[in-house]
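# Fold and geometry: a report
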Amino acid sequence: MDAVDRRILRALQEDGRLTIQALADKVGLSPSPCLRRLRQLERAGVLSGYSANIEQKAVGLPVSVFISIKLERQRADNLDAFGAAIARWPEVMECYLMTGQYDFLLRVVCADLEAYEHFLREKLTQLEGVASIESSFSLGAVKFSRVLPI
C-alpha cells in the first residue's frame with residue numbers, strides 16, 4: 001500500500017459516497033487508475049464493505065451499555081461458544097476478547113433501561129458459563145470515530 005492508496009482510504013472514510021470521478025479528483029488520479037486501485041484494495045480485504053453511519057438516538061436507541069463479562073472457564077471452546085452466541089444478537093454492536101480481569105467487553109445499544117433489563121435477563125444471563133456481568137452505562141460520547149488514522 002502506497003501513499004495514493006492511503007489517500008484513497010482517507011477520502012473514502014470521510015465520504016464513502018464519493019463517485020469514482022470525485023474520488024479520483026480528490027486523490028490526484030484519473031478515474032480508471034483510481035477504480036483499479038479501489039478494486040485492488042477491496043480484493044486485498046483492506047476495504048471490507050461500505051455502510052451508512054446512523055445516529056443511534058435518531059432511530060430510538062439512545063442507550064449505550066458497556067458490559068464486561070467474565071467466563072467460568074477460559075478454554076478455547078468456551079470462548080468460541082460465547083462469541084458465537086452473542087454474534088447472533090443485534091443489540092451487540094461490538095464485542096472484544098480482552099486481556100485482564102474480564103474476558104469480553106461488549107457495547108450494547110437499546111431503547112431504554114427496560115429494554116436493557118430484557119436483554120440481560122432473556123439473553124445474557126441465559127448463556128452457560130458466564131461467571132460475572134458488569135454493566136456501565138454511557139452518559140454520552142466524548143469521541144466516536146470510525147476513521148482510522150492512516
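Preceding block: the structure.
Let us look at the structure shown here. (Residues numbered from 1 in each chain as written. Predicted model: local features only at pLDDT ≥ 70, side-chain atom pairs only at ≥ 80, totals over all residues. Heavy atoms only, no water.)

## Some remarks on the sheet that holds strand 4 (residues 130-137)
Spatially, four strands are ordered 2-3-1-4 in an open sheet, and the strand pairing comes out antiparallel. Only two strands of the sheet have a single neighbouring strand rather than two, namely strand 2 (92-97) and strand 4. Along the sheet, successive strands turn relative to each other by an average axial angle of 20 degrees, direction set aside. Judged from the five bridges that link them, strand 2 and strand 3 (residues 104-110) form a sheet pairing that is antiparallel. The partner of Glu94 across the bridge, within strand 3, is Arg107. Of the strands in this sheet, strand 1 (63-71), strand 2, strand 3 and strand 4 touch helix 5 (residues 113-122), which is tilted by about 165 degrees from strand 4. (Pairing = 2+ DSSP bridges. Helix = DSSP H or I, 4+ residues; strand = E, 2+ residues; numbered from the N terminus. Axes fitted to C-alpha atoms, helices over the stretch in contact; angles between N-to-C directions. Contact = heavy atoms within 4.5 Å.)

## A short note on the pattern of salt bridges
Applying the stated criterion across every chain, the model contains eight salt bridges. The salt bridge involving Glu91 is made with Lys123; its shortest N-O contact spans 2.9 Å. One end of the pair, Glu91, is in the loop between helix 4 (76-87) and strand 2; the other, Lys123, is in the loop between helix 5 and strand 4, and 32 residues separate them in sequence. Three or more residues are tied together by salt bridges with common partners; here these are Asp2, Asp5 and Arg37. (Salt bridge = Lys/Arg side-chain N within 4 Å of Asp/Glu carboxyl O.)

## Concerning helix 2 (residues 20-27)
Restricting attention to buried positions, one finds in helix 2 the residues Leu23, Ala24 and Val27. Projected down its long axis, helix 2 carries its buried residues within an arc of 100 degrees, all on one side. For helix 2, exposure combined with an orientation more than 90 degrees from the buried face picks out Asp25 and Lys26. Where the residues of helix 2 are buried, they touch helix 1 (3-14) and helix 3 (31-43). Positive backbone phi, approximately 80 degrees, marks Gly28, located one or two places after helix 2. (Buried < 20%, exposed > 50% of the residue type's maximum accessible area, 1.4 Å probe, protein only. Arc of directions from axis to C-beta.)

## Remarks on the side chain of Asp103
Its location among the elements puts Asp103 in the loop between strand 2 and strand 3. Of the buried charged residues, Asp103 lacks a salt bridge, with Lys70 as the closest side chain of opposite charge at 4.5 Å. Look past the residues within four positions of Asp103 in its chain and what remains in contact with it is Ile69, Lys70, Leu71, Gln74, Tyr96, Leu97 and Met98. (Lys, Arg positive; Asp, Glu negative; His and termini not counted.)

Note that all results are geometric; they support no functional claim without further evidence.
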